[in-house]
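Residues per chain are reported as follows:
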Amino acid sequence: MLKIGQLVADVSLKTTAGDFGVHEYFGGSWGLLVCYVADFSAVCTDELSRLVKDFHEFESRGIKILAMSCDSINSHTKWIEDIKKVSGMKSDEEFPFPIVSDRNRMVSLYLNVLDAKCIDEDGIPLPCRAAFVLAPDMTIQLIHFYPENIGRNFDEIFRTIDALQLTFKFSNDLFTPSGWKPVTDCLVSPKIPKDEIEKKFPTATVIELPSGKDYMRIVPKIEVNKKYDK
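Every value quoted in this text rests on a predicted model; they were computed, and no experiment measured them.

Basis of the calculations
Residues numbered from 1 in each chain as written. Predicted model: local features only at pLDDT ≥ 70, side-chain atom pairs only at ≥ 80, totals over all residues. Heavy atoms only, no water. Axes fitted to C-alpha atoms, helices over the stretch in contact; angles between N-to-C directions. Helix = DSSP H or I, 4+ residues; strand = E, 2+ residues; numbered from the N terminus. Parallel < 35°, antiparallel > 145°, perpendicular 65-115°, else oblique. Contact = heavy atoms within 4.5 Å. Nonpolar A, V, L, I, M, F, W, Y, C, P; charged D, E, K, R; others polar. Phe/Tyr/Trp six-rings, centres within 6.5 Å; stacked < 30°, edge-to-face > 60°. Lys NZ or Arg CZ within 6 Å of the ring centre and 35° of its normal. Core = buried A, V, L, I, M, F, W, Y, C linked by side-chain atoms within 4.5 Å. Buried < 20%, exposed > 50% of the residue type's maximum accessible area, 1.4 Å probe, protein only. Left-handed = near helix turned anticlockwise from the far one by under 90°. Pairing = 2+ DSSP bridges. Polar contact = N/O pair within 3.5 Å; in protein donor to acceptor, adjacent residues only side chain to side chain. Salt bridge = Lys/Arg side-chain N within 4 Å of Asp/Glu carboxyl O.

Packing of helix α2 (residues 42–53) against helix α6 (residues 154–169) brings their axes to within 11 Å, and their N-to-C directions diverge by 40°. Judged by the angle between their axes, α2 and α6 are oblique. Of the residues in α6, those in contact with Glu 47, Arg 50 and Leu 51 of α2 are Phe 154, Asp 155 and Phe 158. For the contact of α2 with α6, a count of residues per class yields three nonpolar, no polar and three charged.

Given below as structure tokens:
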């Protein structure tokens, strides 16, 4: 079972853009690997159309996208034309990201994304709607699993990517609270001693709590935004 912070293996991939390894493709960039159930299905088409429409948003964050299912390259190539139509792309435009063909399920098994109940016509399990965010050092920073009948929330993926890139920018000295957005206050890491907070975050406030513990250390959004340049 893959874990947060684990280095993803340099798995070999067969894709609509040729054959390459995971590390070669992401090449020191932030990455989003999206597993979906099957080609020519409504929710999957809607999801990949959303990725196409928001591609510039991912690109502006330095995110490379890779999609994957168990269908063939030939199937992917034909399905891409449907995605272009739904997303508003022109038929002669280049599709913005590769789609992996995992016919033998080896990549799916490694990622542990096969659905226990969702199977193909041969009775073989298909992937769930999984999403992995990778840091530039190829460590896993986010794992999302959704079932076949529920489209995933890309707004939450954007929010988490923004939060991850912020905390990485501050060397993980900052944490983000529940529902954090770029216009929200942050929290100081509990690993920073109290007497060092003012040096790192001069405007931080430590809330006095009934427990007497000093773990609620707030950094105003103004200071965070001033130092953080996405």
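This part covers the packing of aromatic side chains. This model, assessed by the stated rule, comprises eight aromatic pairs. For the ring pair Tyr 36 and Trp 79, a centre distance of 4.9 Å and an interplane angle of 40° mean the geometry is tilted. On the criterion of sequence distance, the pair formed by Tyr 36 in the loop between β3 (30–35) and α2 and Trp 79 in helix α4 (residues 73–87) is long-range, its members being 43 residues apart. Taken together through their ring pairs, the aromatic side chains of Phe 20, Tyr 25 and Phe 26 make up a single cluster. Lying over the aromatic face of Tyr 25, Lys 64 brings its terminal NZ or CZ to 5.7 Å of the ring centre.

Membership of the largest hydrophobic core comes to 55 residues, with the highest contact counts inside it found for Leu 32, Leu 48, Leu 51, Phe 58, Phe 97, Leu 111 and Phe 132. Those residues in contact with Phe 58 that sit more than four places away from it in its chain are Leu 32, Leu 51, Ile 63, Ile 65, Phe 154, Phe 158 and Ile 161.

Turning our eyes to something else, we now look at the packing of α2 against α4. In contact at an axis separation of 9 Å, α2 and α4 are set at 65° when each is read in the N-to-C sense. Crossing geometry of α2 relative to α4 is assigned as right-handed. Note on element contacts: α4 touches α2 through Trp 79, Ile 83, Val 86 and Ser 87, opposite Cys 44, Thr 45, Leu 48, Ser 49, Val 52 and Lys 53. Here the residues of the contact of α2 with α4 sort into six nonpolar, three polar and one charged.

The strand order across the open sheet built from four strands is β10-β11-β13-β12, with neighbouring strands paired in antiparallel fashion. Edge strands, defined here as strands with exactly one partner in the open sheet, are β10 (174–175) and β12 (205–206). Bridge count between strand β11 (residues 186–188) and strand β13 (residues 217–219): two bridges; the pairing is antiparallel. Bridge pairing in β13 places Cys 186 opposite Val 219.

Attention now moves to the side chain of Lys 84. Following the sequence through the fold, Lys 84 ends up in helix α4. Look past the residues within four positions of Lys 84 in its chain and what remains in contact with it is Met 89, Lys 90, Ser 91, Glu 93 and Phe 95.

Right, let's get into the side chain of Gln 165. Counting through the fold element by element, Gln 165 comes out in helix α6. In this structure Gln 165 comes out as buried when scored by relative accessible area, which is 9%. At a separation of 2.8 Å, a polar atom in the side chain of Gln 165 contacts the main-chain carbonyl oxygen of Arg 61.

Turning next to the pattern of salt bridges. Following the criterion strictly, the structure yields ten salt bridges and no others. Residue Asp 19 pairs with Lys 14 through a salt bridge whose shortest N-O separation is 3.5 Å. Grouping residues by exposure puts Asp 19 and Lys 14 together as exposed. For the salt bridge of Glu 156 with Arg 159, the shortest nitrogen-to-oxygen distance reads 2.8 Å. Here Arg 159 and Glu 156 lie together in helix α6, a separation of three residues that amounts to about one turn. Several salt bridges share partner residues, and in doing so they unite Glu 47, Arg 129 and Arg 152 into one network.

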